[in-house]
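Structural features, examined
The lines below spell out each chain.
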Amino acid sequence: MASLGVLIIGAGLSGLTAANRLVRGLDGVDPAQVAVIERGLTVGGRLATKRIGRATLDHGAQFFTVRSDEFRREVDEWLAAGVVEEWCRGFGEVDGYPRYRVAGGMNELARYLASDLAGAGVDVATGRRVTAIRPGDQGWRIDDEEADRDGRAGRQQTITDVSALVVTPPVPLALELLEAGGTLLTPDCSSTLDGLAYHRVIALLAVLDRPPDLPAPGALQRPDDPTFTFVADNQAKGISPVPAVTFHTAHARSADLWPADDDEIVEALLPTARQMVAPAEIVELQIERWRYTGPVRSHPDPCLVATVAGVPQPGPLVFAGDGFGGSKLEGAYLSGLAAGAAVTAS
Ligand SMILES: Cc1cc2nc3c(=O)[nH]c(=O)nc-3n(C[C@H](O)[C@H](O)[C@H](O)COP(=O)(O)OP(=O)(O)OC[C@H]3O[C@@H](n4cnc5c(N)ncnc54)[C@H](O)[C@@H]3O)c2cc1C
């Protein structure tokens, strides 16, 4: 395959933001020289929305908050474009801080950003899983294969002569790609990246026969609850035409249940879920497992410019995503911005 300027692996919020920063920054790169490659059949990563029959459920990120000026400016544009809306100012207790939802479901934000990039001339390719990263003489060499809905591998390709690489999958997955290519990092970089661990979350997605009796705004946030830390009715949230509840299981409980099969997980969690939505009945139930929900502790910097060991560095290699800087969607956004800036600065 043809050579390329900057390749961004992952079309979650950080990858899409890095691409946007690269082509729209003052030091803008030619959009034809920037590409994003995503293993999923759609963009978004943990900005995930699922349909079950007539129901629509956000099953990854549920909402976001804004703390920094940079993110504020971007969110103001999304609000003006009608992509994002204020959902509420607290769950149970109103504390005055806006929580934002995405019109139509969280994944719509990623689609909006990706179609904007495509309109600017950036190639955003989905259904292509990177399998190995290795240094070449003229730049990075990236192996990838087509991935279908069930993750089955298809045609394999190699992208050569990539002058800069931004890697946004959760860090343990990103390191597997380097290992597969036999690419070694300096001991400093390796030990920093090896230390990044992520929480797991098991999500229950339940379609109901009538609205549940949850307090306004139709959601509960309970960080200390041992079973479900976040419970939201997607109909009350305004994204589903029928009542459909997302239950996020607490980190510790998710880790305990992780090795169990789906039937055992349902047996363990269903009684509590039923109680919470009663008298409504659950008419359909699905489980989603999130192996990498968010970092246990983020790296202090918003991105990491890594150095390879043993061979000449073929170009910048930037690690980004919510494992760097701050966690959550705002952290992913700021990390993407920093990664784009790091590439143009190098
Ligand atoms: C259950 C859950 C609840 C959450 N709740 C909230 C919340 O309420 N508020 C909030 O702010 N945040 C929340 N988060 C966290 C938030 O979703 C993340 O911080 C953010 O979406 C991370 O974005 P990212 O771009 O760093 O990573 P991701 O979204 O994970 O993007 C990385 C992308 O890389 C792709 N990829 C991986 N491997 C490869 C490969 N080999 N080849 C090509 N592509 C690859 C993935 O498919 C993915 O699309 C939640 C997350 C989960 C899972």
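The rules we used
- Residues numbered from 1 in each chain as written.
- Predicted model: local features only at pLDDT ≥ 70, side-chain atom pairs only at ≥ 80, totals over all residues.
- Heavy atoms only, no water.
- Near = heavy atom within 4 Å.
- Polar contact = N/O pair within 3.5 Å; in protein donor to acceptor, adjacent residues only side chain to side chain.
- Areas by Shrake-Rupley, 256 points an atom, 1.4 Å probe, with all protein chains shown as cover.
- Nonpolar A, V, L, I, M, F, W, Y, C, P; charged D, E, K, R; others polar.
- Domains from an automatic or database assignment.
- Helix = DSSP H or I, 4+ residues; strand = E, 2+ residues; numbered from the N terminus.
- Contact = heavy atoms within 4.5 Å.
- 1 Å grid on protein atoms, 1.4 Å probe; cavity = no way out; pocket = protein on both sides within 12 Å on 5 of 7 lines; lining within 4 Å.
- Points joined across faces, edges and corners; volume = space filled by probe spheres on them.
- Buried < 20%, exposed > 50% of the residue type's maximum accessible area, 1.4 Å probe, protein only.
- Patch = residues over 30% accessible without salt bridge, like charges linked within 9 Å, V, L, I, M, F, W, Y side chains within 5 Å.
- Salt bridge = Lys/Arg side-chain N within 4 Å of Asp/Glu carboxyl O.
- Lys, Arg positive; Asp, Glu negative; His and termini not counted.
- Charge placed at Lys NZ, Arg CZ, Asp CG, Glu CD.
- Buried area = accessible area lost by both parts, 1.4 Å probe.
- Core = buried A, V, L, I, M, F, W, Y, C linked by side-chain atoms within 4.5 Å.
- Pairing = 2+ DSSP bridges.
- Axes fitted to C-alpha atoms, helices over the stretch in contact; angles between N-to-C directions.

Attention now moves to the site of the ligand. Around the ligand, the structure places 32 residues, and the nearest of them are S14, E38, R46, F63 and D322. D322 is positioned with one of its side-chain polar atoms (N or O) 2.7 Å from an oxygen atom of the ligand. With the chains in place, 93% of the 1000 Å² that the ligand exposes on its own is no longer accessible. Split into classes, the residues belonging to the shell around the ligand amount to 13 nonpolar, twelve polar and seven charged. Counting only domains with at least three residues in the shell around the ligand, you end up with domain 1 (4-52 + 103-195 + 297-345) and domain 2 (201-290).

Residue position: S327 is located in the loop between β17 (317-319) and α8 (328-345). Apart from residues lying up to four places away in sequence, S327 is in contact with P295, S298, D322 and A332.

Before going further, it helps to spend a moment on the layout of surface pockets. Looking at the second largest pocket, its volume works out to about 340 Å³. Around the second largest pocket, the lining is made up of 18 residues, and of these N20, E74, E77, W78 and Y333 lie nearest the centre. Taken together, the elements giving at least two residues each to the lining of the second largest pocket come down to α1 (13-24), α2 (69-80), α3 (107-120) and α8. For the lining of the second largest pocket, the element with the most residues is α1, which contributes six residues.

What follows is about the side chain of E145. Looking at the secondary structure, you find E145 in strand β9 (residues 140-147). Assessed through its relative accessible area of 11%, E145 is described here as buried. Once residues lying within four places of it in the same chain are set aside, the contact partners of E145 are G127, R128, R129, T131, A153, G154, R155 and Q156.

Let us look at the side chain of D144. By the element assignment, D144 lies in strand β9. Look at D144 and you get buried, because its relative accessible area is 1%. Here R128 takes part through its side chain, which lies 2.9 Å from a polar atom of the side chain of D144. Apart from the residues within four sequence positions on either side, D144 is in contact with I37, R128, R129, V130, T131, R155, Q156, Q157 and I159.

Where like charges cluster on the molecular surface, the negative patch consists of D261, D263, E264 and E267. Tracing the chain through its elements places E267 in helix α7 (residues 262-277).

Structurally, the chain comprises domain 1 (4-52 + 103-195 + 297-345) and domain 2 (201-290). Taking only C-alpha atoms, the centre of domain 1 and the centre of domain 2 are 31 Å apart. At the interface, eight residues of domain 1 touch eight residues of domain 2. Roughly 620 Å² is buried in total at the junction of domain 1 and domain 2, and carbon and sulfur atoms are behind 73% of that figure. Scanning the region where domain 1 abuts domain 2 turns up one salt bridge. Between E288 and K50 there is a salt bridge, and its shortest N-O distance comes to 2.6 Å. At the junction of domain 1 with domain 2, the criterion picks out two residue pairs in polar contact (both at pLDDT 80 or more). Split into classes, the residues belonging to the side of domain 1 that touches domain 2 amount to three nonpolar, three polar and two charged.

Judged by nonpolar contacts, the single largest core of 41 residues is most densely connected at I8, F64, W78, V84 and V166. Listed by contribution, the elements that provide at least two residues to this core are β1 (4-9), α1, β2 (34-37), α2, β6 (99-102), α3, β10 (153-167) and α8. Looking at which element gives the most residues to this core, the answer is α8, with seven residues. The contact partners of V84, leaving out residues within four places of it in the chain, are F64, V75, W78, L79, Y100, R101, V102 and L109.

Next up on the list: the sheet that holds strand β14 (residues 244-249). The strands making up a sheet associate through backbone hydrogen bonding, with each pair oriented either parallel or antiparallel. What the five strands build is an open sheet, ordered β12-β13-β14-β11-β15; its pairing is antiparallel. This sheet does not close on itself; its edge strands, each paired only once, are β12 (219-221) and β15 (282-290). Across this sheet, the average inter-strand angle for adjacent strands is 15°, counted without regard to direction. In this structure, strand β11 (residues 201-208) lies alongside β15, joined through eight bridges in antiparallel fashion. By the bridge assignment, V201 is partnered in β15 with W290. Sitting on the sheet, α7 is in contact with β11, β12, β13 (228-233), β14 and β15, with an inclination near 125° to β15.

The buried fraction of β14 is high, at six of six residues. Residues of β14 alternate between two faces, with A244, T246 and H248 on one and V245, F247 and T249 on the opposite face, all of them buried. Note: β11 against β14, five bridges, orientation antiparallel. If you follow V207 over to β14, its bridge partner there is A244. Bridge analysis of β13 against β14 gives five bridges, and the strand direction is antiparallel. Paired with A232 across the two strands is T246, which belongs to β14.

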